[in-house]
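Listed below, chain by chain, are the residues.
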Amino acid sequence: MSKSQNKGFTKEEELLLQDFSRNVSTKSSALFYGNALIVSAVPIWLFWRIHLIEIYSSLILFVVVTSIATYLLALAYKNTKFTLKHKIAVKREEAVTRDLSKKLSEDKKMSKKEKDERILWKKNEVADFEATTLSIFYNNALFLTIVIICSFYLLPTFTPPVNYTVSIGATAGLLALLSTGSQ
Amino acid sequence: MYKMTATILFAVFAVAFCNPEEEAGPRLLVSKQILNRYLVENKDIEVKYTLYNVGTAAAVGVQLVDNGFHPEAFDVVGGHLSARFDRISPQSNVSHVVVVRPKRYGYFNFTSAEATYKSSDSSVVQVSLSSEPGEGGIIAFRDYDKKFSSHSWDWLAFTLMTTPSLAIPLALWYSSKTKYEKLVKPTKKAH
């Protein structure tokens, strides 16, 4: 016990900390911000071609609104992933255990404790992967749908810059807000 | 006294009864209508002129001219801005249609056209001005296009741009999901 305390957390404790923490790794963070930037920027095409917004005069507006939407969307991805991860981990526990047990059963040198640790790590990895991808898909689909509904059905009478700002900004804000829910 | 009264009364009746002679003869009423619902820059505008002869005699040598569409502002793409009708019978009408295309957008005042005609037994030229459609707004093509175009190619391009952001995460999640669900299924089937 004292040795592990001197060395720091055990692998199991580290995984538990990671599990209950909302922090994401640098790689996940880069993935979230990259996706959020792309999805926040794509609706500019619609506003340019269909709502006929002026590109050059609205350049600063595009940069500001896209930056804000990117941040909010990335926040939504992170929070949604955290919520989904626990649910997915419960669902995949049996399958991952079975899969890894089958693969590690032939390895007689590995202790039971090490095998359990590997199963726990794999379960975490699978849950992390599925939660990340599902969170990105879910938030992207919701974002694009709400932006289209807002800009074409709720706000078409407003000027294109106002329409753009409110549609993108409000949708990203709404998704960030919804993602903070506990369900 | 009585002679003076009778003379005055006779003069009044003479003036009153000489009017029917002036009403006899052709009388054209000309209507000028813009048939379009929307007036759009570089898109056709149909103008219909209808000449009604409400008089009692035929109108001959009818010349209809519309100088209201200046060549700098409009192109004539169908028909002519002047038309000639040899004879318009009493209580009948004729129509003439011209198609013009505005070169610029903005407000435009559609003025009257002019019809000149004569009676068959008189050389006096009568002039009739058509109704005036008034001021109309010719909207810019981009505004019309924004409202009415289907933007199919734009939507297709948008769909192509958004597909990777949706399809890739969904495919990755689904492949992982099906892989691990298959591992669980055989046990459930055994039960």
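Residues numbered from 1 in each chain as written. Chains lettered and ligands numbered in written order. Predicted model: local features only at pLDDT ≥ 70, side-chain atom pairs only at ≥ 80, totals over all residues. Heavy atoms only, no water.

**Observations concerning the overall build of chain B**
Within chain B one finds three helices and 10 strands. In chain B, the succession of helices and strands from N to C terminus is α-β-β-β-β-β-β-β-β-β-β-α-α. Within the span of chain B, comprising 191 residues, buried residues form 31% of the whole. Considering only contacts within chain B whose residues lie at least 6 apart along the sequence, 68% involve residues at least 24 apart. For chain B, the exposed area adds up to about 12,500 Å²; of that, 57% sits on carbon and sulfur atoms. (Helix = DSSP H or I, 4+ residues; strand = E, 2+ residues; numbered from the N terminus. Buried < 20%, exposed > 50% of the residue type's maximum accessible area, 1.4 Å probe, protein only. Contact = heavy atoms within 4.5 Å. Areas by Shrake-Rupley, 256 points an atom, 1.4 Å probe, with all protein chains shown as cover.)

**As for the overall build of chain A**
Helix and strand content of chain A: seven helices and zero strands. For chain A, with 183 residues in total, the buried portion stands at 40%. Intrachain contacts of chain A at a sequence separation of at least 6 include 82% that bridge at least 24 residues. Accessible area for chain A stands at about 10,700 Å²; split by element, carbon and sulfur atoms hold 64% of it.

**Considerations on the confidence of the model for chain A**
All names here are of chain A. Per-chain confidence: chain A averages 86 in pLDDT, with 86% of residues scoring 70 or above. The element-level mean pLDDT for chain A is lowest in helix α1 (residues 2-7), coming to 44, with helix α7 (residues 160-179) highest at 95. Contacts from residues 1-6, a stretch scored under 50 in pLDDT, to residues over four places away or in other chains number one contact. (pLDDT = per-residue confidence, 0-100.)

**As for the UniProt feature "transmembrane region" (unreviewed entry) in chain A**
The positions UniProt marks with the feature "transmembrane region" (unreviewed entry) are residues 30-50, 56-77, 136-155 and 161-178 of chain A. What you have in residues 56-77 of chain A is 86% helix and 0% strand, and the ends, taken at the C-alpha atoms, are 31 Å apart. (UniProt positions renumbered as here; feature names shortened; annotations may be inferred.)

**Quick look at the UniProt feature "transmembrane region" (unreviewed entry) in chain B**
In the numbering used here, UniProt assigns the "transmembrane region" (unreviewed entry) feature to residues 155-175 of chain B. Each end of residues 155-175 of chain B is marked by a C-alpha atom, and these two atoms are 29 Å apart; helix forms 100% of the span and strand 0%.

**Concerning the environment of L178(A)**
Residues and elements named next belong to chain A. Examined against the element boundaries, L178 turns out to sit in helix α7. You can call L178 exposed: its relative accessible area is 53%. Each C-alpha atom of the pair L178 and A76 lies 7.8 Å from the other, and the pair is 102 residues apart in sequence.

**A look at helix α3 (residues 26-41) of chain A**
Residue and element names in this part refer to chain A. Its 16 residues give α3 an end-to-end C-alpha distance of 22 Å, which sits within 8% of 22 Å, the value for a rise of 1.5 Å per residue. Of the residues making up α3, those classed as buried are S28, F32, N35, A36, V39 and S40. Buried residues of α3, viewed axially, fall in a sector of 125°; they line one side. When the buried face of α3 is taken as reference, the exposed residues oriented beyond 90 degrees from it are T26, K27 and A30. (Expected span 1.5 Å × (residues − 1). Arc of directions from axis to C-beta.)

**Quick word on the interface of chain A and chain B**
With 31 residues of chain A in contact, the opposing surface of chain B contributes 22 residues. Interface area, chain A with chain B, both sides summed: about 2,600 Å², of which 70% is carbon and sulfur. Looking at the side of chain A facing chain B, the largest losses of area belong to W45(A), I50(A) and F137(A), adding up to 19% of the total buried there. Scanning the region where chain A abuts chain B turns up two salt bridges. R142(B) is paired through a salt bridge with E54(A); the nearest N and O atoms lie 3.7 Å apart. Linking chain A to chain B there are five residue pairs in polar contact (both at pLDDT 80 or more). Elements represented by at least two residues in the side of chain A that touches chain B include exactly α3, α4 (43-49), α5 (59-104) and α6 (112-154) of chain A. (Buried area = accessible area lost by both parts, 1.4 Å probe. Salt bridge = Lys/Arg side-chain N within 4 Å of Asp/Glu carboxyl O. Polar contact = N/O pair within 3.5 Å; in protein donor to acceptor, adjacent residues only side chain to side chain.)

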